[in-house]
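# Structural characterization, general
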Amino acid sequence: MIPTKAFFVKGIGVHKDQLTSFETALRKAEIEKYNIVSISSILPPGCEIISKQEGLKLLKPGQIIHSVMAKNQTNEPNRLVSAAIGLAVPNDKEGYGYISEHIAFGETGKNSGEYAEDLAATMLATRLGIEFDPETAWDERKQIYRASGRIFKTTQIHQSAEGNRDNLWTTVVAAIVFII
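Here goes a summary of the coordinates provided. (Residues numbered from 1 in each chain as written. Predicted model: local features only at pLDDT ≥ 70, side-chain atom pairs only at ≥ 80, totals over all residues. Heavy atoms only, no water.)

## A short note on the side chain of Lys52
Residue position: Lys52 is located in helix H2 (residues 52-57). On the accessibility criterion, Lys52 (18% relative accessible area) is buried. Side-chain polar atoms of Lys52 contact the side chain of Glu30, separated by 3.0 Å. Not counting residues within four places of it along the chain, the set of residues in contact with Lys52 comprises Phe7, Phe8, Val9, Lys28, Ala29 and Glu30. (Helix = DSSP H or I, 4+ residues; strand = E, 2+ residues; numbered from the N terminus. Buried < 20%, exposed > 50% of the residue type's maximum accessible area, 1.4 Å probe, protein only. Polar contact = N/O pair within 3.5 Å; in protein donor to acceptor, adjacent residues only side chain to side chain. Contact = heavy atoms within 4.5 Å.)

Here you go:
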């Protein structure tokens, strides 16, 4: 059971009930109709990243899907919440990549996304034995990783929102969904 394709989704949900807020975020991400199994952080060798539209066409309602998901929620007015997924793919087609999830309060989606991308790239760089100073800024390390010729691609998806002003639950999700 090794995934051959994967795609990214994100969504926001707002509702008086916490669970319904999460359901609404899944609906906005267009994955509410599937049974979602949470998995850890490995992108299998050769797993192709496809568009959300392509991926959704390959699924059927009720199907069990595997996903690495970041979810964050608040019912505090104006509280900033974010969720992000990062991905790092090696140049070696036989090698596996890393996926990271990150959630935060008070952090923009862009910053959460960059942090998640940095996490995934750092995990992959460590596994590949690429030497770097962990105190170096992400932009500099990104260049070191790419210059090594061993990391092909890094990317991320993020979602953020401010808590609803009427104390309704606000949920953000970001995920990578696998096709088996």
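## Here's the deal with the packing of helix H3 (residues 109-128) against helix H4 (residues 138-147)
Axis separation between H3 and H4 bottoms out at 11 Å; the angle between their running directions is 40°. Looking at the two axes, H3 sits oblique to H4. The two elements H3 and H4 meet at a crossing, and its hand is left-handed. Contacts between H3 and H4 involve Glu114, Glu117, Asp118, Ala121, Thr122 and Ala125 from the first element and Trp138, Arg141, Lys142 and Tyr145 from the second. Residue composition of the contact of H3 with H4, grouped by class: 4 nonpolar, 1 polar and 5 charged. (Axes fitted to C-alpha atoms, helices over the stretch in contact; angles between N-to-C directions. Parallel < 35°, antiparallel > 145°, perpendicular 65-115°, else oblique. Left-handed = near helix turned anticlockwise from the far one by under 90°. Nonpolar A, V, L, I, M, F, W, Y, C, P; charged D, E, K, R; others polar.)

## Overview of the packing of aromatic side chains
For the structure on display, the rule yields 2 aromatic pairs. A centroid spacing of 5.7 Å and a plane angle of 55° characterise the contact between Tyr96 and Tyr98, whose relative ring orientation is tilted. Positioned above the aromatic ring of Phe22 is the side chain of Lys71, whose terminal nitrogen or guanidinium carbon lies 4.3 Å from the ring centre. We note Arg79 situated over the ring of Phe105; from NZ or CZ to the ring centre the distance is 3.9 Å. (Phe/Tyr/Trp six-rings, centres within 6.5 Å; stacked < 30°, edge-to-face > 60°. Lys NZ or Arg CZ within 6 Å of the ring centre and 35° of its normal.)

## Quick notes on the sheet that holds strand E8 (residues 151-162)
Strand order in the open sheet made by the 4 strands is E3-E7-E6-E8, with antiparallel pairing throughout. Two strands close off the open sheet at either side, each with one partner strand: strand E3 (42-43) and E8. As paired elements, strand E6 (residues 80-90) and strand E7 (residues 97-105) share 8 bridges and run antiparallel to each other. Residue pairing for E7: Ala83 is matched across the bridge by Ile103. (Pairing = 2+ DSSP bridges.)

## So, the environment of Asp166
One can find Asp166 in the loop between E8 and strand E9 (169-179). What makes Asp166 exposed here is its relative accessible area of 52%. For Asp166 and Pro90, which are 76 residues apart along the polypeptide, the C-alpha to C-alpha distance reads 45 Å.

## Quick look at the side chain of Ser67
Within the secondary structure, Ser67 sits in strand E5 (residues 64-74). Take Ser67: its relative accessible area is 1%, and that puts it in the buried class. Aside from chain neighbours lying at most four places away, what touches Ser67 is Ile36, Val37, Ser38, Ile39, Ala175, Ile176, Val177 and Phe178.

## Remarks on the sheet that holds strand E4 (residues 48-49)
Strand order in the open sheet formed by 5 strands is E2-E5-E9-E1-E4, and the pairing between neighbours is mixed. Bordering the open sheet on either side are strand E2 (35-38) and E4, each of which pairs with just one other strand. Note that strand E1 (residues 5-15) and E9 share 11 bridges and pair antiparallel. Looking at E9, one finds that Gly11 is bridged to Val173. Here helix H1 (residues 18-29) sits on the sheet and contacts E1, E2, E5 and E9; the angle it forms with E1, its principal contact strand, is near 135°.

Function cannot be read off these values alone, since they describe shape.
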